[in-house]
Structures are given as structure tokens and as C-alpha cells.
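One-letter residues, chain by chain:
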Amino acid sequence: MKIEYNKSLKKYNTFGIDVIASEFAAITSESELDTMLAKNNKNPIFILSGGSNMLLTENLDMLVLHIAIKGIAVTETSEKHVSVSVNAGENWHDFVQYCIKNNYGGVENLSLIPGYVGSAPIQNIGAYGVELKDTMTSCEAIHITTRKKHIFLNKDCKFGYRNSIFKNDAKGEYIITKVTFRLTKKEHILNTSYGAIENALADQGITKPTIKDVSEAVIAIRKSKLPDPSQIGNSGSFFKNPVVDINHFTKLQKTYPNIPFYKINEEHIKIPAGWLIEKSGFKGKRWGDAGVHKKQALVLVNYDNATGNEILNVSKKILTEIKEKFDILLETEVNII
Ligand code: EPU
């Protein structure tokens, strides 16, 4: 295992922010991880996975462990189902493609999400009506200070909308090393109710879609509105979609009769933050190299050399304006470091 000093993290975060790690090691096995944790027991450590859900605003004067443990294995199989265990350093989309190739159903709607498998449970990644929690059975994690392995079952993870125990009670305590999924081998349960998927399939005249068709539809939709991080730095949705109470929503609806919404329950309504941001005039705006994406206002972008603080300033402008205009305080989805 190579330890590097004063290493730029620009290539290790999808926002493409150029901060320096004073010490950096790419971890390729659990034993390497154990060695490094034992050696650095008393010092702060920063865990870096695919770097796809973070905004780095300062240099990291500490050891950065990049979790790059690879490997996918079928651990159990029955007539209709298969359990697949995936090591944390596998690229999420590569794992989805592995499932499509082997005809394992359940994660096709999550095609093309950037990042690594190991960080997927932290924010319970989701798209087009499906979340990680729908197929994840368990994940293995190493406790950073005791170095003991802990198995979290799905129910232990306290999954919510872009949320889990790893963002709350257990924040910063564990390193996820492996995630296990239960997937279908046949009679796949497709989730095509999300409007854009239905339309994409209908446009192609597909009436009985396979999981590959769904995956391809999702890829086409994502490519049409979300920037490719290898071309334009970004971390996907920067904010969560806010949930407001029904009275607040009814008031907004009087002023904005076309406001899009999803009913959560009798008292709560979710509003797409992208609409609020667009309505406030931010879509496509740019300040130097930091800006708001032209096709999806929920995505903040680094056109080239923006600093983390420049992106953060754009997010603050948005927060202030949305609070003033709609009396809604947006919550950041991306982790600000
Ligand atoms: N909208 C606008 N203007 C915009 C963007 C969106 O008016 O610039 C409105 C439109 O009415 C649209 C609605 O917002 O119909 C919803 O937009 P979209 O389908 O693009 O989804 P989203 O709510 O903005 C969420 C997730 C995405 C996920 C998509 C699809 C969050 C924070 N984001 O976005 O997840 O891909 O749904 O399921 O929940 C991510 O988490 O990084 C991410 C990209």
C-alpha cells in the first residue's frame, strides 16, 4: 500500500474541487484498512469513497483513506432470488451493469448514479421511484476506533429519504466495507410508473420492458438533464426536496397554481427544490466557474476551477432567496466538508 503526501483530491471528488490531503492511501483490502486504522488510532481520519456526494471547502490536514476494495460475489441463490455481496470500492454503475448482464433485477432504476457501492447506504441513494433500501439486505462496516466488524441489517440502518443511521447516530463512526443485495432472477418487479420512464419506453414502442430496457431508459433520462461529472463537476442534487405542511402548501398554491408537488400524507407535501430554484431565476446562472446547471436547477456545477467556497456561496444565495420567496428552508443533500 502506497502512502502519498500532499496529494490533490481533484480527481477523487465528482465536484472536481482541488484541495490537498496531507496524507493519502488507497485501501484495497480489509487487512490494509485494519493496518492503517491501527496505526492512526489517535489521529483524525477522513474516509473518502467515490467522492460523489461531498463538497470539499478546505485542505484536509489528516490521513485520507480512499476505500477502493473491489469484488462482487454471489453469496446465495434460490429459484427466484440471488444475494450479491459487493465490496465498497466497486463503482455503483458498474455493479448495476453487472446485474443487468446477469439478469438480476431490482437496481435497474438506479443506473448511472455516480459514486461507489460503499457510500450508497449512507444516503440511501434513490432515483425514479426506487431506493437502495428496497434491495439492500445488510452491510458490513468496520468501527473506526475499535476496528471491530459490525453487520447492519436493513432495519438497523434506519433508512429514510436520502438518510440513514450513518448520517445520524452513527455518523463518522464506521467504514462500510461490503453491501449485500437481494435481487430477483425472474419475474422482476419493474418500477416504471415514474412519468419520464413510461414516456421513454413508449417512445421506443416498448410495451413489455426488460430490466435492460428500464436501465437504458433511465440512462437516457439522466443523460438528458444531469451533467456528466467527468465533463462538468457536480454532486447530483445539491439540496433535498423539501417537505412542507399542507397549510403552507395551500398558500403557495394560491400564488403559484402550477407548483409541482408529491403528496406524502394528509398533512405533508413534498415540493421539487429544482422548481423552487428555477422559479427564483437561478437556473443556468454562473458566477465565475461556479453555477447552477442549465437543465436541472437542483444541481450546482463547477465548470472548471471553482473552489468549494465559491460553490458554497452559490448555495447560500439560493438558500436565502428560497427562504425569502417561499418561506422554505432548503436542506443540503451534499456533505459540506
Ligand atoms: N423541476 C423544475 N426545474 C428544474 C428541475 C426540476 O421545475 O430545473 C421540477 C419539474 O417539475 C420536475 C420536478 O421538478 O417535474 C422533478 O424533477 P426531477 O424529475 O428532475 O427530479 P428531482 O426531484 O429534481 C429527484 C432526486 C434525483 C433523482 C430524481 C429522479 C432528490 C434531491 N433528487 O430529483 O436524485 O435522480 O428525483 O428520481 O431527491 C441525487 O440525489 O443526486 C439525484 C440526482
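Residues numbered from 1 in each chain as written. Predicted model: local features only at pLDDT ≥ 70, side-chain atom pairs only at ≥ 80, totals over all residues. Heavy atoms only, no water.

*Asks:* Looking at this structure, how should I read unusual backbone geometry?
*Replies:* Glycine aside, residues mostly have negative phi angles, and peptide bonds mostly take the trans form. A positive phi angle, near 50°, is found at Tyr 128, a position not held by glycine. One can find Tyr 128 in the loop between strand E8 (126-127) and strand E9 (130-131). Even without being glycine, Asp 327 reaches a positive phi, approximately 55°. With respect to the element layout, Asp 327 can be found in the loop between helix H7 (308-326) and strand E20 (335-336). (Helix = DSSP H or I, 4+ residues; strand = E, 2+ residues; numbered from the N terminus.)

*Asks:* Help me understand the packing of aromatic side chains, please; the structure alone is not making it clear to me.
*Replies:* Each aromatic ring pair is specified by the distance between its two centres and by the angle formed by the two planes. Enumeration according to the criterion identifies 15 aromatic pairs in this entry. On the basis of an interplanar angle of 65° and a centroid distance of 5.8 Å, the ring pair of Trp 92 and Phe 181 is categorised as edge-to-face. Pair noted here: Trp 92 is in helix H2 (residues 92-101) and Phe 181 is in strand E12 (residues 174-184), with a separation of 89 residues, a long-range link. Note on Phe 181: relative accessible area 0%, which makes it buried. Ring centres of Trp 275 and Phe 326 lie 6.1 Å apart, and the angle between their planes is 55°; this geometry places the pair in the tilted category. Linking Trp 275 in helix H6 (residues 273-279) with Phe 326 in helix H7, this pair joins segments that are 51 residues apart in sequence. In terms of burial, Trp 275 and Phe 326 fall into one category: buried. Among the aromatic residues, those joined into a ring-pair cluster are Phe 15, Phe 238 and Phe 239. Stacked on the ring of Phe 24, the Lys or Arg Lys 7 has its end atom at 5.2 Å from the ring centre. The ring of Tyr 303 carries Arg 286 above its face, with NZ or CZ at 4.1 Å from the centroid. (Phe/Tyr/Trp six-rings, centres within 6.5 Å; stacked < 30°, edge-to-face > 60°. Buried < 20%, exposed > 50% of the residue type's maximum accessible area, 1.4 Å probe, protein only. Lys NZ or Arg CZ within 6 Å of the ring centre and 35° of its normal.)

*Asks:* Explain the domain arrangement of the chain to me, please; I cannot follow it from the model alone.
*Replies:* Partitioning the chain into domains gives domain 1 (3-67), domain 2 (72-184) and domain 3 (233-336). Between the C-alpha centres of domain 2 and domain 3 the distance comes to 27 Å. Across the boundary between the two partners, domain 2 contributes five residues, which contact five residues of domain 3. Surface buried jointly by domain 2 and domain 3 totals about 490 Å² across both partners, of which 36% is contributed by carbon and sulfur atoms. In terms of surface lost to domain 3, no three residues of domain 2 exceed Tyr 161, Arg 162 and Lys 167, which account for 81% of the buried area on that side. Between Glu 333 and Arg 162 there is a salt bridge, with its nearest N and O atoms 3.5 Å apart. Counting every contact that joins domain 2 to domain 3 gives one residue pair in polar contact (both at pLDDT 80 or more). In terms of residue class, the side of domain 2 that touches domain 3 is built from one nonpolar, two polar and two charged. (Domains from an automatic or database assignment. Contact = heavy atoms within 4.5 Å. Buried area = accessible area lost by both parts, 1.4 Å probe. Salt bridge = Lys/Arg side-chain N within 4 Å of Asp/Glu carboxyl O. Polar contact = N/O pair within 3.5 Å; in protein donor to acceptor, adjacent residues only side chain to side chain. Nonpolar A, V, L, I, M, F, W, Y, C, P; charged D, E, K, R; others polar.)

*Asks:* Would you mind going over the site of the ligand with me for this structure?
*Replies:* Taken together, the neighbourhood of the ligand is formed by 24 residues, with Tyr 128, Tyr 161, Tyr 194, Glu 278 and Gln 296 sitting nearest. One nitrogen or oxygen atom from the side chain of Tyr 161 is found 2.7 Å from an oxygen atom belonging to the ligand. The backbone of Ala 297 places a nitrogen or oxygen atom 2.8 Å from an oxygen atom of the ligand. Calculation on the ligand without its partners gives an accessible area of 820 Å², and the protein chains cover 82% of this total. (Near = heavy atom within 4 Å. Areas by Shrake-Rupley, 256 points an atom, 1.4 Å probe, with all protein chains shown as cover.)

*Asks:* Please clarify how the pattern of salt bridges should be interpreted in this entry.
*Replies:* One pass over the structure, following the stated rule, counts 17 salt bridges. With a closest N to O distance of 3.2 Å, Lys 263 and Glu 266 form a salt bridge. Taken together, the shared-partner salt bridges in this structure form one network comprising Glu 30, Glu 140 and Lys 149.

*Asks:* Got a minute to help me understand the sheet that holds strand E14 (residues 243-245) in this structure?
*Replies:* Two modes of strand pairing occur in sheets, parallel and antiparallel, and in both the strands are linked by backbone hydrogen bonds. An order of E14-E16-E15 is seen for the three strands of this open sheet, with the pairing classed as antiparallel. Each having just a single partner strand, E14 and strand E15 (262-263) make up the two edges of the open sheet. As judged from the two bridges shared by E15 and strand E16 (residues 268-270), these two strands associate in the antiparallel manner. Across the sheet, residue Tyr 262 finds its bridge partner in E16, namely Lys 270. (Pairing = 2+ DSSP bridges.)

*Asks:* I keep staring at the side chain of Arg 222 and nothing clicks. Help me out?
*Replies:* Along the chain, Arg 222 falls in helix H4 (residues 211-225). As a buried residue without a salt bridge, Arg 222 has its nearest oppositely charged side chain in Glu 333, at a separation of 9.0 Å. In contact with Arg 222, other than residues within four places in its own chain, are Ser 111, Leu 112, Ile 113, Pro 114, Ala 127 and Tyr 128. (Lys, Arg positive; Asp, Glu negative; His and termini not counted.)

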